[in-house]
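For reference, the chains in residue letters:
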Amino acid sequence: MKCRHCAAPISLPFLDLGLMPPSNAYLSKEDLEKPEKVYPLRVLVCTQCWLVQTEDFVGREELFRSDYAYFSSTSRTWLDHANAYCDMIIKKLGLYRDTFVVEIASNDGYLLKNFVTAGVPCLGIEPTVSTALAAEKLGVPVLREFFGETLARKLATQGKKADLIIGNNVYAHVPDINDFSRGLAALLKPNGVITLEFPHLLKLIEENQFDTVYHEHFSYFSLHTVCAIFKSWRLS
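Reading the values: rules and limits
- Residues numbered from 1 in each chain as written.
- Predicted model: local features only at pLDDT ≥ 70, side-chain atom pairs only at ≥ 80, totals over all residues.
- Heavy atoms only, no water.
- Pairing = 2+ DSSP bridges.
- Helix = DSSP H or I, 4+ residues; strand = E, 2+ residues; numbered from the N terminus.
- 1 Å grid on protein atoms, 1.4 Å probe; cavity = no way out; pocket = protein on both sides within 12 Å on 5 of 7 lines; lining within 4 Å.
- Points joined across faces, edges and corners; volume = space filled by probe spheres on them.
- Nonpolar A, V, L, I, M, F, W, Y, C, P; charged D, E, K, R; others polar.
- Core = buried A, V, L, I, M, F, W, Y, C linked by side-chain atoms within 4.5 Å.
- Buried < 20%, exposed > 50% of the residue type's maximum accessible area, 1.4 Å probe, protein only.
- Contact = heavy atoms within 4.5 Å.

Draft legend 1. Layout of the sheet that holds strand β3 (residues 52-54). Pairing in this open sheet of four strands is antiparallel, and the strands run β1-β2-β3-β9 from one edge to the other. Either end of the sheet is taken by a strand with one partner, and the two such strands are β1 (12-20) and β9 (219-220). Both β1 and strand β2 (residues 39-45) contribute to a ladder of six bridges, which runs antiparallel. Each residue of the ladder has a partner; that of Met 20, found in β2, is Tyr 39.

Draft legend 2. Quick peek at empty space enclosed by the protein. One pass over the full model with this rule turns up three cavities of 30 Å³ or more. In this structure, the second largest cavity encloses a volume near 50 Å³. For the second largest cavity, the full set of lining residues is Ala 172, Pro 199, His 200, Leu 201, Leu 204, Ser 219, Tyr 220 and Phe 221. Elements supplying a minimum of two residues to the lining of the second largest cavity: α7 (201-206) and β9. Tallied by class, the residues present in the lining of the second largest cavity amount to six nonpolar, two polar and no charged.

Draft legend 3. Inspection of the nonpolar core at higher detail. Counting residues in each nonpolar core, the largest one holds 34 residues, and the members touching the most others are Val 102, Ile 104, Phe 147, Tyr 171, Phe 180, Leu 184 and Phe 221. Taken together, the elements giving at least two residues each to this core come down to β4 (101-104), β5 (122-125), α5 (149-157), β7 (162-168), α6 (177-187), β8 (188-197) and α8 (223-232). Per element, the largest residue contribution to this core is five residues, and it comes from α6. Sequence-distant contacts of Phe 147, that is, excluding residues within four places in its chain, are made with Ile 104, Ile 125, Ala 152, Asp 179, Phe 180, Gly 183, Leu 184 and Leu 187. Formed by 21 residues, the second largest nonpolar core is a distinct cluster that contains Val 120, Cys 122, Ala 132 and Ile 166.

What is shown is where atoms sit, not what they do.
Structure, rendered in structure tokens:
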């Protein structure tokens, strides 16, 4: 296997949790007596750029299906966090009707509904149909696609470059981290801002957070590695 960022060969083990079914792939009653799909859940470390990453076994289409079961709005504390973030960032960046906000992996509209209420134009990018439908019912415009450089350049040519790009708990879920990062660079206005939230590798190690390791998390980031990735694609 080669590193998802720098393409160096990698083999140094970080964690091996054996065979596991994909998270959020809940079984129907009819499926309970059938064999369940399981995949190796092994995490390796690149000794060149120090990106910690799962070994390649599961594709994104297998994980983020049309019936994807995780809805962000089920967490009251997460809704409070999203609301506080929106209040803060609207004031900090002076967002108004002539600005444009894009959230990647917008899920069920848990965050962008606050921009809709505030009258700030926005767009959610969300490939899972189940959550996108929930967001649209809240008045959030949603593009049902996976985000990457090709989509970003398409939006840019349509005059939809963003003053603010938000990515909460999505950066770790991306199999092609370089394509995603190039997309961020292509979609952002020259003076735009990107905010990303993702689990921190240091906390995973310090607090033994092995339960945050699952197939949907393709990467486990230190600030050092994120800065290196951003520098590679002129995002810092």
